[in-house]
Structure formats: structure tokens, C-alpha cells
Amino acid sequence: MTKLIGYARVSTKTQTTDRQEADLLAVGVRRDDLYVDRGVSGARSSRPEFDRALAALEAGDTLVITTLDRLGRSTQNMLAFAHELRGRGAGLRVLNLGGGDVDTSTPMGSMLFTIMAALAQMEHDIKRERVTDSIAKRRAAGQDLGGRPQRITDSQIRNAVHLVDAGQPAAQVARDLGMSRATFYRRSRTLT
């Protein structure tokens, strides 16, 4: 008996899979054949529920996802995955690919999947390139990139160095500042 195996994923714990799940259930995926990963990046090779969904697939079954990026980021990995499914006699169905529903068990669906996988990776690479370029430009302009603010000022470190020079144990001085001795030594070296 062939069945539909659904897979939904969100990258962070604060995101919700409600819409993905509703779409998968609407096309006939049964609730007990729906696997959901929460807080798992698509770039990770091991996704617990994805691995369970694949283990549940048998010949004639179809893995159903809502969008291509639920599978992963790399064109090469997506194509290898689609090839592996074909070898197992299983299909892949992407609900929202190119404005419609694509089933890789058909020649046209397979071709469209290949093209869209390449475009998805290109989009991801362009986005990464833009972020890297933006960071480089902000650094060159001397702009603040954010990050965790330093709690301990350079003045506090200088005062602590004077205490150590006066005979106070460095471990105690560092503890009073709320940092490790190694961090205290590293920060004090940068000031001299």
C-alpha cells in the first residue's frame, strides 16, 4: 500500500510549522505519517525527524514537503537525495515549487526539481555573499557591528592590574571583576 509521508521543518524553536502541517494534511498526508523538526537548520546533515521520515518510506511511497528549502541548501545534496529516492522506488512531491505541485516521479517534475534546486542554492549563495559584503563594508567604515557589549572597561582592568602589582592574588582580582583569570590576563596584555 502506497502512502504519503510528510516532512516539515523550521530552523528556530520560536518559528511555527502550523502552515506547513496544514498544507501537508490538506494533500492527504495522515497525521501519524507527518514528521516535524523544530529548531533544526536545513544545512545540518542529521535531522532526527527527517531521518525517521526516510526510514518510514517504502517502495511506492512519496515524501511530501511544502517547499524545496525544507530539504536542504545544497543543489548537489538535493539532487543526490532525489536520486536516492528514485533508487528506492519512492517519490518526492514538493507542493509549492515554481507556483505549483511538482512530483519527481515524472520526467517533467524531475527536470523542474533539478532546475529549482540549482536556483535555491544560487539564492542562498547570493544572500550569504551580500551579508559578507555588508559586514566588510561596515568594518571598513568603522561602524559598530553589534555583538555583546564589554561589561568590564579598560579603566577597570588597569585598576585591577594595579591591585595585582600591589600583591593581591590575580585569581581573586579576576573573580571580583566577574571574569576568569585567563580573561583578565588576556585583557591586561592588550592594555600594555
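Residues numbered from 1 in each chain as written. Predicted model: local features only at pLDDT ≥ 70, side-chain atom pairs only at ≥ 80, totals over all residues. Heavy atoms only, no water.

Undergrad: I tried to follow the overall build of the chain on my own but got confused; where do I start?
TA: Looking only at helices and strands, the chain has 7 helices and 5 strands in total. The secondary structure elements of the chain, listed N-terminal to C-terminal, are β-α-β-α-β-α-β-β-α-α-α-α. In terms of overall size, the chain is more extended than a compact globule, its C-alpha atoms giving a radius of gyration of 26 Å where 192 residues would be expected to give roughly 16 Å. Structurally, the chain occupies a C-alpha span of about 80 × 40 × 30 Å along its principal axes. Within the chain, the fraction of its 192 residues that count as buried is 33%. When contacts within the chain are restricted to residue pairs at least 6 apart in sequence, long-range pairs at least 24 apart make up 60% of them. Surface summary for the chain: the accessible area is close to 12,000 Å², and the carbon and sulfur share equals 52%. (Helix = DSSP H or I, 4+ residues; strand = E, 2+ residues; numbered from the N terminus. Rg over C-alpha atoms; globule rule 2.2 N^0.38 Å. Buried < 20%, exposed > 50% of the residue type's maximum accessible area, 1.4 Å probe, protein only. Contact = heavy atoms within 4.5 Å. Areas by Shrake-Rupley, 256 points an atom, 1.4 Å probe, with all protein chains shown as cover.)

Undergrad: Explanation requested: the side chain of Arg187 in the structure shown.
TA: Mapped onto the elements of the fold, Arg187 is located in helix 7 (residues 181–191). Side-chain polar atoms of Arg187 contact the backbone oxygen of Ile152, separated by 2.8 Å. (Polar contact = N/O pair within 3.5 Å; in protein donor to acceptor, adjacent residues only side chain to side chain.)

Undergrad: Looking at this structure, I do not really get the packing of aromatic side chains. What am I missing?
TA: A ring pair, where both rings are aromatic, is described by two values, the distance of the centres and the angle of the planes. With the rule as written, the count across this model stands at 2 aromatic pairs. In this arrangement the basic side chain of Arg47 is found over the ring face of Phe50, its NZ or CZ atom lying 4.3 Å from the centre. (Phe/Tyr/Trp six-rings, centres within 6.5 Å; stacked < 30°, edge-to-face > 60°. Lys NZ or Arg CZ within 6 Å of the ring centre and 35° of its normal.)

Undergrad: Please explain the pattern of salt bridges as it appears in this structure.
TA: Two side chains bearing opposite charge may form a pair once their charged atoms approach each other closely. According to the stated counting rule, one finds 8 salt bridges in the structure shown. The partner of Glu21 in a salt bridge is Arg38, with the nearest N and O atoms 3.2 Å apart. Of this pair, Glu21 sits in helix 1 (residues 18–26) while Arg38 is found in strand 2 (residues 34–38), placing the two residues 17 residues apart along the sequence. Under the relative-accessibility criterion, Arg38 is labelled partly exposed at 43%. Counted as one network, the salt bridges with shared partners bring together Glu21, Arg31 and Arg38. (Salt bridge = Lys/Arg side-chain N within 4 Å of Asp/Glu carboxyl O.)

Undergrad: Is there a simple way to think about a nonpolar patch on the surface in this case?
TA: A cluster of nonpolar side chains, Met108, Met111, Ile115, Leu119, Met122 and Ile126, forms an exposed patch at the surface whose accessible area comes to about 560 Å². If you trace the backbone, Met108 turns up in helix 4 (residues 107–140). When its relative accessible area of 58% is taken as the criterion, Met108 is described as exposed. (Patch = residues over 30% accessible without salt bridge, like charges linked within 9 Å, V, L, I, M, F, W, Y side chains within 5 Å.)

Undergrad: Would you take a moment to explain the pairing of strand 3 (residues 62–65) for this structure?
TA: Working note: regular strand, side chains alternate between the two faces of the sheet. Residues of strand 3 alternate between two faces, with Thr62 and Val64 on one and Leu63 and Ile65 on the opposite face, all of them buried. In this sheet, strand 3 lies alongside strand 1 (residues 4–10) in parallel orientation, the contact comprising 3 bridges. By the bridge assignment, Ile5 is partnered in strand 3 with Leu63. (Pairing = 2+ DSSP bridges.)

Undergrad: Which parts of the structure should I look at to understand the nonpolar core?
TA: Looking at soluble globular proteins, one finds that nonpolar side chains tend to be buried together. Grouped together as the largest cluster of nonpolar side chains are 21 residues, with contacts concentrated most on Leu63, Leu71, Phe81, Leu92 and Phe113. Of all the secondary-structure elements, those providing two or more residues to this core are strand 1, helix 2 (48–56), strand 3, helix 3 (75–87), strand 4 (91–97) and helix 4. With 8 residues, the next largest nonpolar core counts Ile157, Ala160, Met179 and Phe184 among its residues. (Core = buried A, V, L, I, M, F, W, Y, C linked by side-chain atoms within 4.5 Å.)

Undergrad: It is not clear to me how the environment of Ser188 should be interpreted in this structure. Could you clarify?
TA: Looking at where Ser188 falls in the secondary structure, it is placed in helix 7. By relative accessible area, which is 11% here, Ser188 ends up buried. Through-space distance from the C-alpha of Ser188 to that of Thr16 is 46 Å; in sequence the pair is 172 residues apart. In contact with Ser188, other than residues within four places in its own chain, are Ile157 and Val161.

Undergrad: Is there a simple way to think about the environment of Pro107 in this case?
TA: Structurally, Pro107 is set in helix 4. Note: C-alpha distance between Pro107 and Ala160 (53 residues apart in sequence) is 72 Å.

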